[in-house]
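# Descriptive analysis of the structure
Here is what each chain is made of, one letter per residue.
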Amino acid sequence: MRTIVKGSKQYPVRVAEYRPIRRVIIVVVALLLVAVSICGSYFYGKAESFSVTKNLTLQVESLGNSVQQKQQSVDDLEQQLANIALGAEVDRSSNEAVRKDIADLKDEVARLQEDNSFYRGLMAPNENASGLTLGAVEISRSSGARSFSYRVVVQQLVTKHVVLNGSMRFSIVGRLNGESKVYPLFALSEDVSAERIKLKFKYFQTIAGELVLPENFEPDHIELVAESSGSKGQKVEKKFGWLVEEK
């Protein structure tokens, strides 16, 4: 029997059966669903990350291979360039060597021809030349700016050769500061010790060495005076222009 209070709103009352096990099951199921969701998200993210990492790895390997190929191409081109440069240098050196060899051979042939003519003259003098004879003076540049090499041959043209004794004066004539000046060879060359150069030979004698011209001296020509001693002594004089042979 219900007691009814007049003037109050009445709410229906439902009696529910108390089931604690069901609540536990619901909680467990909910936790399992949450766990499954978390695990699924984890493995999905891991798989996605693996895929991205794999793709990135492949791209890096591809780029590495491309860089390696490009570097190899650069190395090949640099090697080709080095080969071309080396070949050009070898060709240039070879050409220069060939030209030098040709020039040396020409000089050697000219010298041999000159020596041949000289020795022919010694062995078979012509009718117009006899006794003491002076060859041409050879002047060429030396190491210094005013240094020169000189060479002159004195010979005896006779059918029967005997030892000839005598002397020779070698003078260089020119202008020093605008005024005429004559220098004996011994004043310019350490290879000569006196104004009169001693001569003693049977066939020929070579006078050669180096000289140094003084500053402000401009040579014009060379004067040679050779004399042989004895009862049939001779005196020979010659002048030669100052001509420098370029080597």
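Preceding block: the structure.
Because the structure is predicted, anything quoted here is derived from the model rather than measured. (Residues numbered from 1 in each chain as written. Predicted model: local features only at pLDDT ≥ 70, side-chain atom pairs only at ≥ 80, totals over all residues. Heavy atoms only, no water.)

## Looking at the overall build of the protein
Condition: Numbering of helices and strands runs from the N terminus, with a helix taken as a DSSP run of H or I at least four residues long and a strand as a DSSP run of E at least two residues long. For the exposure calls, accessible area comes from a 1.4 Å probe over protein chains only, and a residue counts as buried if that area is under 20% of its type's maximum, exposed if over 50%, partly exposed in between. We call two residues contacting when some pair of their heavy atoms lies within 4.5 Å.
Broken down by element type, the protein carries one helix and 10 strands. Moving toward the C terminus, one meets the helices and strands of the protein in the order α-β-β-β-β-β-β-β-β-β-β. Residues counted as buried form 23% of the 247 residues belonging to the protein. Long-range pairs, those at least 24 residues apart, make up 67% of the contacts in the protein with a sequence separation of at least 6.

## As for the nonpolar core
In plain terms, the rule: Nonpolar cores are built from buried Ala, Val, Leu, Ile, Met, Phe, Trp, Tyr and Cys residues. Side-chain atoms within 4.5 Å join them into one set.
By size, the foremost hydrophobic cluster in this structure holds 29 residues, and its most contacted members are M168, F170, L211 and L224. Elements represented by at least two residues in this core include exactly β1 (131-134), β3 (147-157), β4 (164-176), β6 (196-201), β7 (204-212), β8 (217-228) and β9 (235-241).

## Thoughts on the packing of aromatic side chains
Here is the rule we go by: The rule is short: rings of Phe, Tyr and Trp, with Trp giving its six-membered ring, pair when the centres are within 6.5 Å, and they are stacked under 30 degrees, edge-to-face over 60, tilted in between.
If you walk through the whole model with that rule in mind, you get three aromatic pairs. Ring centres 5.4 Å apart and planes at 80° place the aromatic pair F148 and W242 in the edge-to-face group. In this pair, F148 sits in strand β3 while W242 sits in the loop between β9 and β10 (244-245), placing the two residues 94 residues apart along the sequence. Given a relative accessible area of 6%, F148 falls into the buried group.

## A word on a nonpolar patch on the surface
Our working definition: Candidates for patches are residues over 30% relative accessible area with no salt bridge; among them, like charges are joined within 9 Å and nonpolar side chains (Val, Leu, Ile, Met, Phe, Trp, Tyr) within 5 Å. To measure how exposed things are, a 1.4 Å probe is used in the Shrake-Rupley method; for residues, cover is taken only from the protein chains shown. We define a salt bridge as a side-chain nitrogen of Lys or Arg found within 4 Å of a carboxyl oxygen belonging to Asp or Glu.
Together, I21, I25, V29 and L33 make up a nonpolar patch on the protein surface, roughly 410 Å² of accessible area in all. Take L33: its relative accessible area is 58%, and that puts it in the exposed class.

## As for unusual backbone geometry
The backbone phi angle of N177 is positive, close to 55°, even though this residue is not glycine. The phi angle at N216 is positive, at roughly 70°, despite the residue not being glycine.

## Notes on the pattern of salt bridges
Applying the stated rule across the entire model yields four salt bridges. Across the pair K239 and E223 runs a salt bridge whose closest N-O atoms are separated by 3.8 Å. Within this pair, whereas K239 is found in strand β9, its partner E223 is found in strand β8, the two being separated by 16 residues in sequence. Judged by relative accessible area, K239 falls into the exposed class, the value being 62%.

## Quick notes on the environment of R169
Within the element layout of this structure, R169 appears in strand β4. Overall, the relative accessible area of 24% leaves R169 in the partly exposed class. Separated by 58 residues in sequence, R169 and E227 place their C-alpha atoms 8.9 Å apart. Beyond its immediate sequence surroundings of up to four residues, R169 is in contact with E195, R196, E223, L224 and V225.

## Overview of the pairing of β9
The criterion, for reference: Note on pairing: DSSP must find at least two bridges between two strands before they are called paired.
With seven bridges connecting them, β8 and β9 associate as antiparallel partners. Each residue of the ladder has a partner; that of E227, found in β9, is K235. The antiparallel pairing of β8 with β9 creates a hairpin that spans six residues between the two strands, and G230 there sits at a positive phi of about 105°.

## Quick look at the pairing of β4
Here six bridges tie β4 to β6, and the two strands are oriented antiparallel to one another. Among the inter-strand pairings, N165 is bridged to a residue of β6, identified as K200. Sheet topology places β4 next to β8; 11 bridges connect them, and they run antiparallel. By the bridge assignment for β8, G174 is matched with P219.

## As for the side chain of S149
Turning to its location among the elements, S149 is positioned in strand β3. Those residues in contact with S149, other than ones at most four positions away along the chain, are E138, I139, S140, S142, G209 and E210.

## Overview of the environment of E210
Put simply, the rule is: Polar contacts, as counted here, are pairs of nitrogen or oxygen atoms within 3.5 Å of one another; within protein the pair requires one atom able to donate a hydrogen and one able to accept it, and residues that are adjacent in sequence qualify only if both atoms are side-chain atoms.
Mapping E210 onto the fold places it in strand β7. On the basis of relative accessible area, E210 is assigned to the partly exposed category, the value being 40%. Considered as a pair, E210 and L188 are 22 residues apart in the sequence and their alpha carbons are 8.4 Å apart. In terms of polar contacts, E210 uses its side chain to reach the side chain of S142, at 3.0 Å.

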